[in-house]
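Here's the letter readout for the chains.
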Amino acid sequence: MRKIIKSKGVLMPFILKSIIINIVSSVVMLLIFSTLMYKLDLGDEYYKIFAFVSVGVTSFLTSLIAAKGYKNNILVMSILSNIILIVISIVNSIINADGISLLINIVITVLCSFLTSIINSKSTSKFKV
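In this convention, every chain numbers its residues from 1, walking through the sequence in written order. Local features are withheld for residues below a pLDDT of 70 in this predicted model, meaning they are given only at 70 or higher, and side-chain atom pairs are given and counted only at 80 or more; totals for whole chains, interfaces and linings count all residues. Note: side-chain values were computed over all heavy atoms of the structure, leaving out hydrogens and water.

Novice: Could you give me a rundown of the nonpolar core, with the residues and numbers involved?
Specialist: Nine residue types can take part in a nonpolar core, namely buried Ala, Val, Leu, Ile, Met, Phe, Trp, Tyr and Cys, and a core is a set of them joined through side-chain atoms within 4.5 Å. Per-residue accessibility, obtained with a 1.4 Å probe over protein chains only, is compared with the maximum for each type, and a residue is labelled buried under 20%, exposed over 50%, and partly exposed between these values. Among the nonpolar cores identified, the biggest contains 6 residues, and these are Phe14, Ile21, Ala66, Ala67, Tyr70 and Met77. Any two residues whose heavy atoms approach within 4.5 Å are treated as being in contact. Aside from chain neighbours lying at most four places away, what touches Phe14 is Ala66, Ala67, Tyr70, Met77, Leu80 and Ser81.

Novice: An account of the packing of helix H1 (residues 11-40) against helix H3 (residues 74-81) is requested, with residue identities and associated values reported.
Specialist: Lines fitted to C-alpha atoms define the axes, with helix axes restricted to the stretch in contact, and inter-axis angles between N-to-C directions lie between 0 and 180 degrees. To qualify as a helix, a DSSP run of H or I must reach at least 4 residues; to qualify as a strand, a run of E must reach at least 2; elements of each kind are numbered from the N terminus. Axis separation between H1 and H3 bottoms out at 9 Å; the angle between their running directions is 55°. Between H1 and H3, the angle is such that the two are oblique. Taking contact as the criterion, the partners of Phe14, Ser18 and Asn22 in H1 are, on H3, Met77, Leu80 and Ser81. Gly falls in the polar group here, along with every residue not listed as nonpolar (Ala, Val, Leu, Ile, Met, Phe, Trp, Tyr, Cys, Pro) or charged (Asp, Glu, Lys, Arg). Taken together, the residues that form the contact of H1 with H3 break down as 3 nonpolar, 3 polar and no charged. By definition in this entry, angles of less than 35 degrees are roughly parallel, angles greater than 145 are roughly antiparallel, angles of 65 to 115 are roughly perpendicular, and the rest are oblique.

Novice: Can you break down the environment of Ile119 residue by residue, with the values?
Specialist: Among the structural elements, Ile119 can be located in helix H5 (residues 99-123). Sequence separation of Ile119 and Leu64 is 55 residues, and the distance between their C-alpha atoms is 8.0 Å. Among residues more than four places away in sequence, those in contact with Ile119 are Phe60 and Leu64.

Novice: How would you summarise the packing of H1 against helix H2 (residues 47-66) if you had to cite specific residues and measurements?
Specialist: To describe two helices that pack against each other, one gives the angle between their axes and the distance between the axes. The interhelical angle for the contact between H1 and H2, taken along N-to-C directions, is 150°, at an axis separation of 9 Å. The angle between H1 and H2 places the two elements in the roughly antiparallel class. Remark: the crossing between H1 and H2 carries right-handed chirality. Within the contact between the two elements, H1 uses Phe14, Lys17, Ser18, Ile21, Asn22, Ser25, Ser26, Met29, Leu30, Phe33, Leu36 and Met37 and H2 uses Tyr47, Phe50, Val53, Ser54, Val57, Thr58, Leu61, Thr62, Ile65 and Ala66. Crossings are sorted by hand: turned counterclockwise from the far helix by less than a right angle, the near helix makes the crossing left-handed, and turned clockwise it makes it right-handed.

Quick look at the structure:
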């Protein structure tokens with residue numbers, strides 16, 4: 001397990017890994033949901049719901065994969081891994097002038113990061129024998 005404070009050269013690979021995971025999982029989730037909307041011939045009222053689900057799944061997967069090897073500050077590392085998703089949500093809400101969806105996206109991202117940090121902390125705990 002790596003510590004982020006004392007290790008040199010750990011932050012940049014973490015940022016690159018989280019950006020790549022974030023982009024790949026976003027593209028895959030949006031591809032799945034757009035195909036689902038096309039095949040089921042759903043209307044425009046469902047795209048916000050699919051967008052929120054896509055943000056949640058992307059946030060969960062990015063935090064789970066990117067912050068897996070760290071034992072200290074797992075919550076901070078989980079939120080840092082999703083910073084690109086938060087920036088994209090802010091830009092999207094500025095362009096669309098929709099503050100409520102920004103708030104929902106940030107809450108979903110933080111909750112998924114928190115859930116992932118709990119899962120990662122349980123898997124990295126050491127057992128005393």
